[in-house]
Amino acid sequence: MLFNSLTYALFLPIVVALYWASPTKLRVPILLIASYIFYMSWKPVFILLILGLTVVNYFFGFYIHRSEKHKKPWLFAAVATNLLTLSFFKYAYFLNDALASALKPIGMAPPAMPFDIILPLGISFFVFEFIHYVVDVYRGSEPIKSFLAFSLFASFFPTQIAGPIKRFQDFIPQFLSPAKFSIKDFDSGVSLILLGLFKKVLLADNLAFFVQGGFQHPELFNSLDLWVFTYAFAFQIYFDFSGYTDIARGSAMLFGYKVPINFNLPYLAKNIAEFWHRWHISLSTWLRDYLFIPLGGSRGSRWNVYRNLMITMSLGGLWHGASMHFLIWGVFHGAMLALHKMFKESRTWLSERGHGWLSSAIDSKVGSVLSTLFTFHVVCIGWVLFRADTLTIAGDMLRKLFFIDSIAGTVPAQAMALPAINYPLIYPAIFLLLPVLALSHIIMGYVDKTNWVERSPRLVKAAWCCALMLMILVFSPDKSPKFIYFQF
Amino acid sequence: MAKEARAKAFLSSYVLLGLFMFLVLDTGFRVADNAFHFTSPFESPNRSLIWWTANGFVREKSAPDIALLGSSLMMTAHHAGDATKLNQVQNEVSHFHSACLQDFLADKTGQKPTTFSFAIAGQMASDSYLIARTLLAGDKQPKVIVYGIAPRDLIDNTLPSAASTETFRYLSRIDDYSDIALTARTSFNEMFQFGLEKMLYSLSHRPNLIAWQHKLAYTLAPFGQNAITANELQTPFKLRRLAFSQLPDDSGANELKVGPYGAEPEPYRDNTQEYRQRYKSIKQKTYTSQLGYLEKLMKLSKERGIQLIVVNMPLTPGNVALMPAGFYDQYKSKVGAMAAANGAEFLDLNKPNIFEQKHFADTVHLNGLGGVEFFKLLSDELALNRSFGAALSTTQ
């Protein structure tokens, strides 16, 4: 059941109505049943997976908590169970292919997969929530006593498929002391859902076809065209995923629950480290707490920190998908973070020796704008690795992006091929759309900073909702692609 | 007291106020459009084949003597046949008159009828019925309908429902199809969407609003004006193919052209796999429903005094062999019996002794050579057909 489907448009109000009309005792069971129905609407059999992992992790939590001598082995068993389950569904083909490539030179081949493996929806997200749970219990948090609450924590339908990755310490208390119906939550929830739908169906989906054309057939285009496609994808993935998160947060709010934010205007980041504080926040903080810090974090020698960054981001890349281009994307971000750390250290070193000009230049207004533009372009280069279907396509695109073709003298005569495309509308319209989207980021920054929406008169807020309803209804494409993060 | 407080809280909701504003706006649009008629049902944001055809037909000054209906089998025979006969490239979105049929019939009968082709790729029996019902009426009513049919037009496995075709969607804005609303839709989502469209003006007039937005974007966008007025094929074929699978049917003025069958004809394309899929596990429900629309077409023609000639289109023996055993014969006898019962004629032009592999572009579509041959054979048969002769000689 997709958030942007008619089925969800019916499902959500029914569950909300049932939830608030029921006695408080029945509300958690109602949400749990609704969450399982939501999950089963895709492939009913996978309910066994989420149920199985819930039961296993529930008991692991208690064993880890109660055991005095065997805390570590229990934790190891719990993490291994979760990771093995994830690996089986997500990485079996990847590992089999890697093994095949390794064995090929010696004329051997691994056995063919005896059955087809389908990747269960949301597995990467709920497995990470389970790992967070068992690790935190190991670190001293109290395990969740109520099996119902624990089951709902993992399967809560608004965040079930693509996060945000929740923390049980924030979430469980909301079950235990349920909120009362509030019209403020209702208004905020519905406006978030509308905003999310606007981002997804109007912006991301309309950009999707344009982006696909460029990324599937880069050979048709030249350097400038490919930059336009790359910018378009940067906005597509942002609006797709942040739109999804808004709908998830809005849906949760309708039941009186708060789930964490996942995005904070990421393309306004002034450096790559700041970008990761603003992009997919629930994943980056998870990676920080359960991978980077256990690896040693920022402690130890400089090279150890760089190594930790590289490992964390490479595994973060692989988490997105069992494919080489995701791994390379992760390695790229790891390298950029390490470079940023080196640069920061050089700045401090220079400042300490009386050469503060570099810091002053970077901290100036012009420096801030240039840093933001530079960071955005670094992220865009990463997006090429992320979006390209294969490493070969990514390589071709990157080569063209940096004018290698022009050096070789093979750039087509015309400066850009895009304006010559007569079809469909998104091609000529893109030159209007992209500047508007870039500007929208800056405007949203101002709106957030000044808390403009909250301070607006009721009539303005109502008009905004009305405009969103009209635009979503009228301008949504006939066919809406799935949310990008559903594949992870 | 609690009830009052709750009511007050709801009244303070800006979302509910927004919803109310939306409903007022929607009703306002409806009232204004009813008063000033600023939308046209023929307007569409995407230039689909039914859009080109319906708008082309509206521009016709008089009713044709013969209207051609059918799917891509009739469509390719018409365009490729004329391109070959006239030795001239034909533009599929604006070539509506069948030179082959007109000239061959003139040779046979001494009378040159006027024609108009409504044959569109993917046309199902339900689409043919709707075209006849909505467009072939009043002073635009033809004397004869020649409907080229093949099993795919009744059983296509890839069709979710009768209401899911572009033809159905487009024509349902011109005419009221409430009487078939339930039978044409198979899923709950489709029914729900239909209900919403009935209720909300902005949803039912979505194509008009998108068309306006497109015009605005083309006007404002740099290069847009150039793109919309350009008369040359500009979109790379790879992108068109991608768009075809993901976007609504849309073809520019010069993007669909067919040339004469020449010294170097297009190589034969084996589309066996595609048809294996289409014929695979025939959905009885679709078949029965589409046969129902065929019968509706026959009854409608009879009621309006239009002579309907149902023509079984040529297929390669290999394609017929892909159908479940006995299905093809059963289909022919069913359609034949239905025609006989409803005053229509059934002509079986699938004659393997006449249409050889050289006449086909793939396992089902005729090439230019085949197109000419098909219309020759059709004209021969029509010239001998009394019902056809009688219908053509009537004055309207």
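### Observations regarding the overall build of chain B
- Scanning chain B from terminus to terminus reveals 20 helices and seven strands.
- Here the C-alpha radius of gyration of chain B, 24 Å, is about what a compact globule of 396 residues would show, namely 21 Å.
- Summarising its shape, the C-alpha atoms of chain B cover approximately 85 × 50 × 45 Å along the three principal directions.
- Out of the 396 residues in chain B, the part that is buried amounts to 52%.
- Within chain B, contacts between residues separated by at least 24 positions form 78% of all contacts whose residues are at least 6 apart in sequence.

### Regarding the interface of chain B and chain A
- Taken residue by residue, the interface counts 53 residues in chain B and 46 residues in chain A.
- Together chain B and chain A conceal approximately 4700 Å² of surface at their shared face, both sides included; 70% is due to carbon and sulfur atoms.
- Interface area lost by chain B to chain A is led by Tyr14, Arg206 and Leu239 of chain B, which between them contribute 15%.
- Our enumeration of links across chain B and chain A arrives at one salt bridge.
- Among the ionic pairs, Glu219 of chain A bridges to Lys238 of chain B, the shortest N-O distance being 2.7 Å.
- Connecting chain B to chain A are nine residue pairs in polar contact (both at pLDDT 80 or more).
- Counting only elements with at least two residues in the side of chain B that touches chain A, the list comes to α1 (2-11), α2 (14-36), α10 (188-199), α11 (201-204), α12 (206-220), α13 (224-229) and α14 (237-246) of chain B.
- The element contributing the most residues to the side of chain B that touches chain A is α2 of chain B, with ten residues.
- Of the residues assigned to the side of chain B that touches chain A, the class counts are 34 nonpolar, 13 polar and six charged.

### Points about the domain arrangement of chain B
- If you check the domain split of chain B, you get domain 1 (2-36) and domain 2 (52-175 + 253-393).
- For domain 1 of chain B and domain 2 of chain B, the distance between their C-alpha centres works out to 50 Å.

### What about the pattern of salt bridges?
- All chains considered together, the criterion is met by 33 salt bridges over all chains.
- We note a salt bridge from Lys200 of chain A to Asp240 of chain A, for which the minimum N-O separation is 3.1 Å. Highlighted residues: Lys200 of chain A in helix α8 (residues 183-216) and Asp240 of chain A in helix α9 (residues 223-253), separated in sequence by 40 residues.
- Using a relative accessible area of 2% as the deciding quantity, one classes Asp240 of chain A as buried.
- A salt bridge links Glu295 of chain B to Lys299 of chain B, with the nearest nitrogen and oxygen atoms 3.8 Å apart. Here the residue Glu295 of chain B and the residue Lys299 of chain B both occupy positions in helix α16 (residues 284-304), the gap between them amounting to four residues, near one helical turn.
- Residue classification places Glu295 of chain B among the partly exposed residues on the basis of a relative accessible area of 30%.
- Using a relative accessible area of 44% as the deciding quantity, one classes Lys299 of chain B as partly exposed.

### Some thoughts on the side chain of Thr316 of chain B
Residues and elements named next belong to chain B.
- The topology assignment puts Thr316 in the loop between β6 (307-312) and α17 (317-321).
- Accessibility expressed as a relative area gives 6% for Thr316, which makes it buried.
- When residues no more than four places from it in sequence are discounted, the contact partners of Thr316 are Tyr268, Phe360, Asp362 and Thr363.

### Here's the deal with α10 of chain B
- With twelve residues, α10 of chain B should reach 16 Å at 1.5 Å per residue; the first-to-last C-alpha distance of 17 Å fits that figure.
- Every buried residue of α10 of chain B is listed here: Glu190, Phe194 and Leu196 of chain B. The buried residues of α10 of chain B all sit within an arc of 165° when viewed along its axis, so they share a single face. Opposite the packed face of α10 of chain B, turned more than 90 degrees from it, sit the exposed residues Phe188 and Met199 of chain B.
- Those residues of α10 of chain B that are buried are in contact with α1 (6-21) of chain A together with α9 (181-184) and α11 of chain B.

### Thoughts on the nonpolar core
- Counting residues in each nonpolar core, the largest one holds 154 residues, and the members touching the most others are Phe157, Tyr257, Tyr267 and Trp383 of chain A.
- In this structure, Tyr257 of chain A is in contact with Tyr19, Val28, Leu31, Phe156, Phe171, Gln174, Phe175 and Ala252 of chain A, ignoring residues within four places of it in sequence.
- Core analysis: the second largest hydrophobic core is formed by 86 residues, Ile66, Leu73, Phe96 and Ile120 of chain B among them.

### Brief notes about a nonpolar patch on the surface
- Taken together, the side chains of Val55, Phe59, Tyr63, Trp74 and Phe147 of chain A present a nonpolar region at the surface, about 440 Å² in accessible area.
- Turning to its location among the elements, Phe59 of chain A is positioned in helix α3 (residues 47-66).

### So, the sheet that holds strand β1 (residues 66-70) of chain B
Residues and elements named next belong to chain B.
- Taken together, five strands build an open sheet; the order of strands is β3-β1-β4-β6-β7 and the sheet is parallel. Since the sheet does not close on itself, it has two edges, and those belong to β3 (115-117) and β7 (345-348), each with one partner. For this sheet, the mean inter-axis angle between neighbouring strands, taken without regard to orientation, is 20°.

### Some words on the domain arrangement of chain A
All names here are of chain A.
- The assigned domain composition of chain A is domain 1 (6-178) and domain 2 (185-487).
- Taken over C-alpha atoms, the centre of domain 1 sits 27 Å from the centre of domain 2.
- Contact residues are listed per partner, giving 36 residues for domain 1 and 35 residues for domain 2.
- Summing the contributions of domain 1 and of domain 2, the shared interface buries around 3000 Å²; its carbon and sulfur component is 67%.
- The tally of links from domain 1 across to domain 2 stands at one salt bridge.
- Across the pair Asp289 and Arg167 runs a salt bridge, and its minimum N-O distance is 3.0 Å.
- At the surface where domain 1 touches domain 2, the tally comes to 16 residue pairs in polar contact (both at pLDDT 80 or more).
- Elements supplying a minimum of two residues to the side of domain 1 that touches domain 2: α1, α2 (24-40), α4 (71-103), α5 (123-138) and α7 (168-176).
- The element contributing the most residues to the side of domain 1 that touches domain 2 is α5, with seven residues.

What counts and what doesn't
- Residues numbered from 1 in each chain as written.
- Chains lettered and ligands numbered in written order.
- Predicted model: local features only at pLDDT ≥ 70, side-chain atom pairs only at ≥ 80, totals over all residues.
- Heavy atoms only, no water.
- Helix = DSSP H or I, 4+ residues; strand = E, 2+ residues; numbered from the N terminus.
- Rg over C-alpha atoms; globule rule 2.2 N^0.38 Å.
- Buried < 20%, exposed > 50% of the residue type's maximum accessible area, 1.4 Å probe, protein only.
- Contact = heavy atoms within 4.5 Å.
- Buried area = accessible area lost by both parts, 1.4 Å probe.
- Salt bridge = Lys/Arg side-chain N within 4 Å of Asp/Glu carboxyl O.
- Polar contact = N/O pair within 3.5 Å; in protein donor to acceptor, adjacent residues only side chain to side chain.
- Nonpolar A, V, L, I, M, F, W, Y, C, P; charged D, E, K, R; others polar.
- Domains from an automatic or database assignment.
- Expected span 1.5 Å × (residues − 1).
- Arc of directions from axis to C-beta.
- Core = buried A, V, L, I, M, F, W, Y, C linked by side-chain atoms within 4.5 Å.
- Patch = residues over 30% accessible without salt bridge, like charges linked within 9 Å, V, L, I, M, F, W, Y side chains within 5 Å.
- Areas by Shrake-Rupley, 256 points an atom, 1.4 Å probe, with all protein chains shown as cover.
- Pairing = 2+ DSSP bridges.
- Axes fitted to C-alpha atoms, helices over the stretch in contact; angles between N-to-C directions.

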